[in-house]
Amino acid sequence: MSVSPEELKQRIESGIPGTSANVTGDGAHFEAIVAGPAFAGLSRIAQHKLIYDVFGTELGDRIHALSIKINPTETA
Amino acid sequence: MSESATNPMRDAIESAISENPVILFMKGTPEAPACGFSARTVAILESLDQPFAAVNILPDPAIRQELSAVSGWPTIPQLFVDGELVGGCDIVVEMHSSGELQQLLGLEGAEAAVTEARAAEPAPLAIENLL
């Protein structure tokens, strides 16, 4: 079952309120550039985990690989 | 702790993480990485001349399952320094670019020395050229 970048974008944005995501990818490997106040003040590990939590066990399975770049928003 | 008593794989992973100051769980081996993200992470550690232990998670699916249960991190590779999860490929790449990785590994001095050596190099050449 193929995954679209658009689906990932919508799920990140609805899963983490106030977030905007720009997702590109080929159906298996994706790159997400994500910004939002939810990431401010968190460690990199915690920032990435917020996004991993949106997808749970689909990562590494249905979503083969997701590369993440976070731009924490300074102020909400 | 009854869970760990019946889970030798998890015990083995936890001891490996605590016993090795720098340990990378990856797909494949440093010599033959089986995934681009693992390859990139290995390349960064090698570029820093950082010795590290490597565990190939591919031979047994239980390794990955237990590793992710221990670390709370779903993807591979996973780099641990001094028993703490640093992150996967994206985080290692970012921290390498910013210099935070070198700092975490205690390579600040080495980095500065390399930069100094590089900066110093052109000088003798220039003198020779003048002579």
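Scroll up a little and you will see the structure.
Worth saying up front: this structure is predicted, and the values here are computed from it rather than measured.

Caption draft 1: Geometry of the overall build of chain B. When you go through chain B residue by residue, the secondary structure sums to eight helices and four strands. Reading the secondary structure of chain B in the N-to-C direction produces α-α-β-α-β-α-β-β-α-α-α-α. Across the 131 residues in chain B, those meeting the buried criterion constitute 39%. Contacts spanning at least 24 positions in sequence make up 57% of the contacts within chain B whose residues lie at least 6 apart.

Caption draft 2: Looking closely at the packing of aromatic side chains. Residue and element names in this part refer to chain B. Inspection of every chain in the model, using the stated rule, returns two aromatic pairs over all chains. Geometrically, the ring pair formed by Phe25 and Phe80 is edge-to-face, given 5.7 Å between the ring centres and 80° between the ring planes. Of this pair, Phe25 sits in strand β1 (residues 22-26) while Phe80 sits in strand β3 (residues 78-81), placing them 55 residues apart in sequence. Classification of Phe25 as buried rests on a relative accessible area of 1%. Given the relative accessible area of 4%, Phe80 is considered buried.

Caption draft 3: Representation of the pattern of salt bridges within the structure. Residues and elements named next belong to chain A. Under the definition given, this model contains nine salt bridges over all chains. For the salt bridge of Glu7 with Arg62, the shortest nitrogen-to-oxygen distance reads 3.2 Å. One end of the pair, Glu7, is in helix α1 (residues 5-15); the other, Arg62, is in the loop between α2 (44-55) and β3 (65-72), and 55 residues separate them in sequence. Of the charged contacts in the structure, one is a salt bridge between Lys69 and Glu31, with a shortest N-O distance of 3.6 Å. Of this pair, Lys69 sits in strand β3 while Glu31 is found in strand β2 (residues 29-36), placing the two residues 38 residues apart along the sequence. Through salt bridges with shared partners, a single network forms among Glu7, Arg11, Glu58 and Arg62.

The rules we used
- The written sequence of each chain sets the order in which its residues are numbered from 1.
- As a convention, the first chain written is A and the first ligand written is 1, with the rest following in written order.
- This being a predicted model, a pLDDT of at least 70 is required before a residue's local features are given, and a value of 80 or more before pairs of side-chain atoms are given or counted; all residues contribute to the totals for chains, interfaces and linings.
- Only hydrogens and water are set aside; all other atoms, that is, all heavy atoms of the structure, feed into the side-chain values.
- Numbering of helices and strands starts at the N terminus; helices are DSSP runs of H or I of at least 4 residues and strands are runs of E of at least 2.
- Throughout, exposure labels follow a simple rule: accessible area from a 1.4 Å probe, protein chains only, divided by the maximum for the residue type, with under 20% read as buried, over 50% as exposed, and the rest as partly exposed.
- Any two residues whose heavy atoms approach within 4.5 Å at even a single point are treated as in contact.
- Only centres within 6.5 Å qualify two rings of Phe, Tyr or Trp (six-membered ring in Trp) as a pair; their planes then separate them into stacked at under 30 degrees, edge-to-face at over 60, and tilted for everything else.
- A side-chain nitrogen of Lys or Arg and a carboxyl oxygen of Asp or Glu constitute a salt bridge if their distance falls within 4 Å.

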